[in-house]
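Listed here are the chains, written in short residue letters.
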2 protein chains.
Amino acid sequence: MSESRGADDAEPETVEQIMRGTFEALCERGYADLRMRDIADRTDLSKSTLHYHFDSKHDLLVAFLEHLYDDFEADVAEVAGEDPAQRLREVVRTAYRGDDDGREELRVAILEIEGQAPYDDDFRDCLRRFDRLLHDVVRSNVEEGKETGQFRADVDPDAVATFVATALTGAHNRRVSLDVDTSDVETLLLEYLDERLLADAGE
Amino acid sequence: MSESRGADDAEPETVEQIMRGTFEALCERGYADLRMRDIADRTDLSKSTLHYHFDSKHDLLVAFLEHLYDDFEADVAEVAGEDPAQRLREVVRTAYRGDDDGREELRVAILEIEGQAPYDDDFRDCLRRFDRLLHDVVRSNVEEGKETGQFRADVDPDAVATFVATALTGAHNRRVSLDVDTSDVETLLLEYLDERLLADAGE
């Protein structure tokens, strides 16, 4: 995992400004056409200051993905609910939501970065952490639901977690690359979880 | 939809040779680094002959996606089975299979092209046709299964089709971008279909 040297000795406000500029530039230009200059232009910093903190567009984007991961981790940690079933629904909604301010444009750029991940181990490592976090939070809630008896005893927490991570990835991918409405996928996934998990479902 | 001019008046063997060269070059170099020269080098044709048939890398790739679509359509048309449930399983296997000769490398390039689709209407139109074909064949089999009584009467064929298309897209994306084993997704999807569809499931 590449940790950019410059971010460590930068003021938090500077890092925040760079991350905000990267977000805006990515949303407006996408990944392939993004230049360091585009990011600098969206901050109070010069291009050389930006280069002091981050050697390359690659290093900056790795730091940006890590920044997004921290946000996602915080979102997931805040997921509330009275029981595992409610929390699972919230996890799905948190991971699914795509029409918040600017998130849709960001998704477009992320799909481009996913397309580069097979050629870039740092990108791949970052993206795996998102996948792994989503997987783990689903699995732990399913495990808890089994323990409390809310969920069926014969459910495999890992299998459910894999299925949820896969369906959400597919929904994001289809929405972005095909520009189709995938809001029904969230509903379908929640129905699937109810049917598959709840001990008193279908009776 | 951009239909490249040159493919129309080219000999079938020439088109076949170009498509084969495109396949090999894409698998070896990916999409972003692909040059017309790389494709010409994998055929008996000169770069200028290639340019006579296809104006640009973009036009050639659109033609290549259409060529892949024709293959996929033929594969789907060949899907056999005694009843809708069996045919659905075969459809999932056909759409899922990823480790045939060179298919994995091709998937890597396709994910890159998916990442460009938001910026390229021709790519997007092509990719939508794949999605639509998969969706339609799932839906028509679910409809038939409802009519024959093999499937539950309360199942929504469109919803099932959307879910299958989404899960398969997610499996491909995760396998390619994260390099994780997603063979369990095929199993999970088949289980989901059995549980969700079969009239005599869970009794």
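Look up a bit, the structure's there.
Please read these numbers as outputs of a predicted model, since none were measured by experiment.

For chain A, the count of helices and strands is 10 helices and zero strands. Each helix and strand of chain A, ordered N terminal to C terminal, gives the series α-α-α-α-α-α-α-α-α-α. Judged by the C-alpha coordinates and their principal axes, chain A covers about 65 × 35 × 30 Å. Within the span of chain A, comprising 203 residues, buried residues form 53% of the whole. Here the contacts in chain A between residues at least 6 apart in sequence split such that 69% fall between residues at least 24 apart. Chain A carries 24 positive and 51 negative side-chain charges, and their two centres are separated by 4 Å.

Quick look at a negative patch on the surface now. Residues and elements named next belong to chain A. Together, Glu-16, Asp-70, Asp-71 and Glu-73 give the surface a local cluster of negative charge. Considering every element that reaches the negative patch, the biggest residue donor is helix 5 (residues 57-78), with three residues. Since its relative accessible area comes to 37%, Glu-73 is described here as partly exposed.

What follows deals with the pattern of salt bridges. Considering all chains together, one arrives at 36 salt bridges over all chains under this definition. Measuring nitrogen to oxygen at the nearest pair gives 3.3 Å for the salt bridge that ties Asp154(A) to Arg152(A). Residue Glu191(A) is joined to Arg196(B) by a salt bridge in which the shortest nitrogen-to-oxygen separation is 3.1 Å. Of this pair, Glu191(A) sits in helix 10 (residues 183-197) while Arg196(B) is found in helix 10 (residues 183-197), placing the two residues in two different chains. Look at Glu191(A) and you get partly exposed, because its relative accessible area is 33%. Taking the relative accessible area as the measure of exposure, Arg196(B) reaches 13% and is therefore buried. Beyond isolated ion pairs, a larger network of salt bridges with shared partners links Arg132(A), Asp136(A), Arg139(A), Glu143(A) and Asp158(A).

The next point concerns the interface of chain A and chain B. Contact with chain A, which involves 39 residues of that partner, is made by 39 residues of chain B. With both chains or domains summed, chain A and chain B bury close to 3,500 Å², and 58% of this area falls on carbon and sulfur atoms. For the pair chain A and chain B, the interface holds eight salt bridges. A salt bridge links Glu195(B) to Arg196(A); the shortest N-O distance between them is 3.0 Å.

It is worth spelling out the relation of the copies chain A and chain B at this point. At an RMSD of 0.0 Å, chain A and chain B line up after a rotation of 180 degrees and a shift of 0.0 Å along the axis. This pairing of chains is accounted for by a two-fold axis. Of every C-alpha in chain A, the one belonging to Gly170(A) sits nearest the axis of rotation, 1.7 Å from it. Of the residues that chain A buries at the interface, 100% are likewise interface residues in chain B, meaning the two copies contact each other through the same surface.

Attention shifts here to the nonpolar core. Residues Val138(A) and Val138(B) are the most contacted members of the largest nonpolar core, which totals 98 residues. Setting aside its immediate chain neighbours within four residues, Val138(B) contacts Leu88(B), Val91(B), Val160(B), Ala161(B) and Val164(B). Counting residues in each nonpolar core, the second largest holds 30 residues, with Leu178(A), Met36(B), Val62(B) and Ile113(B) among its members.

A word on the packing of helix 6 (residues 84-96) of chain A against helix 9 (residues 157-178) of chain A. Residue and element names in this part refer to chain A. In the contact formed by helix 6 and helix 9, the axes pass within 10 Å of each other and the chain directions differ by 30 degrees. Taken together, the axes of helix 6 and helix 9 are roughly parallel relative to one another. For the pair helix 6 and helix 9, the crossing hand works out as right-handed. Contacts between helix 6 and helix 9 involve Val-92, Ala-95 and Tyr-96 from the first element and Val-164, Leu-168, Ala-171, His-172 and Arg-175 from the second.

In this section: the side chain of Ser177(B). Counting through the fold element by element, Ser177(B) comes out in helix 9 (residues 157-178). Take Ser177(B): its relative accessible area is 2%, and that puts it in the buried class. Residues contacting Ser177(B), with those up to four places away along its chain left out, are Glu114(A), Ala117(A), Pro118(A), Arg124(A) and Leu111(B).

Each aromatic ring pair is described using two quantities: the centre-to-centre distance and the angle formed by the ring planes. Within the structure shown, the criterion is met by 12 aromatic pairs over all chains. Arranged with centres 4.6 Å apart and planes meeting at 40 degrees, the rings of Phe163(A) and Tyr192(A) form a pair that is tilted. Separated by 29 residues along the polypeptide, Phe163(A) in helix 9 and Tyr192(A) in helix 10 bring together distant segments of the chain. Tyr192(A) shares its class with Phe163(A); the two are buried. Centroid distance Tyr192(A) to Tyr192(B): 5.5 Å. Interplanar angle 65 degrees. Geometry classified as edge-to-face. Taken together, the positions of Tyr192(A) in helix 10 and Tyr192(B) in helix 10 put the pair across two chains.

This part takes up helix 5 of chain A. Residue and element names in this part refer to chain A. End to end, helix 5 covers 32 Å across 22 residues, agreeing with the expected 32 Å (1.5 Å per residue, within 8%). Along helix 5, the residues that are buried comprise Asp-59, Leu-60, Leu-61, Val-62, Ala-63, Phe-64, Leu-65, Glu-66, Leu-68, Tyr-69, Phe-72 and Val-76. Close packing links the buried residues of helix 5 with helix 2 (12-29), helix 3 (36-40), helix 4 (47-53), helix 6, helix 7 (103-116) and helix 8 (121-148).

Procedures and definitions
- Residues numbered from 1 in each chain as written.
- Chains lettered and ligands numbered in written order.
- Predicted model: local features only at pLDDT ≥ 70, side-chain atom pairs only at ≥ 80, totals over all residues.
- Heavy atoms only, no water.
- Helix = DSSP H or I, 4+ residues; strand = E, 2+ residues; numbered from the N terminus.
- Buried < 20%, exposed > 50% of the residue type's maximum accessible area, 1.4 Å probe, protein only.
- Contact = heavy atoms within 4.5 Å.
- Lys, Arg positive; Asp, Glu negative; His and termini not counted.
- Charge placed at Lys NZ, Arg CZ, Asp CG, Glu CD.
- Patch = residues over 30% accessible without salt bridge, like charges linked within 9 Å, V, L, I, M, F, W, Y side chains within 5 Å.
- Areas by Shrake-Rupley, 256 points an atom, 1.4 Å probe, with all protein chains shown as cover.
- Salt bridge = Lys/Arg side-chain N within 4 Å of Asp/Glu carboxyl O.
- Buried area = accessible area lost by both parts, 1.4 Å probe.
- Least-squares fit on C-alpha atoms with pLDDT ≥ 70 in both.
- Core = buried A, V, L, I, M, F, W, Y, C linked by side-chain atoms within 4.5 Å.
- Axes fitted to C-alpha atoms, helices over the stretch in contact; angles between N-to-C directions.
- Parallel < 35°, antiparallel > 145°, perpendicular 65-115°, else oblique.
- Left-handed = near helix turned anticlockwise from the far one by under 90°.
- Phe/Tyr/Trp six-rings, centres within 6.5 Å; stacked < 30°, edge-to-face > 60°.
- Expected span 1.5 Å × (residues − 1).

In short, shape yes, function no, at least from these values alone.
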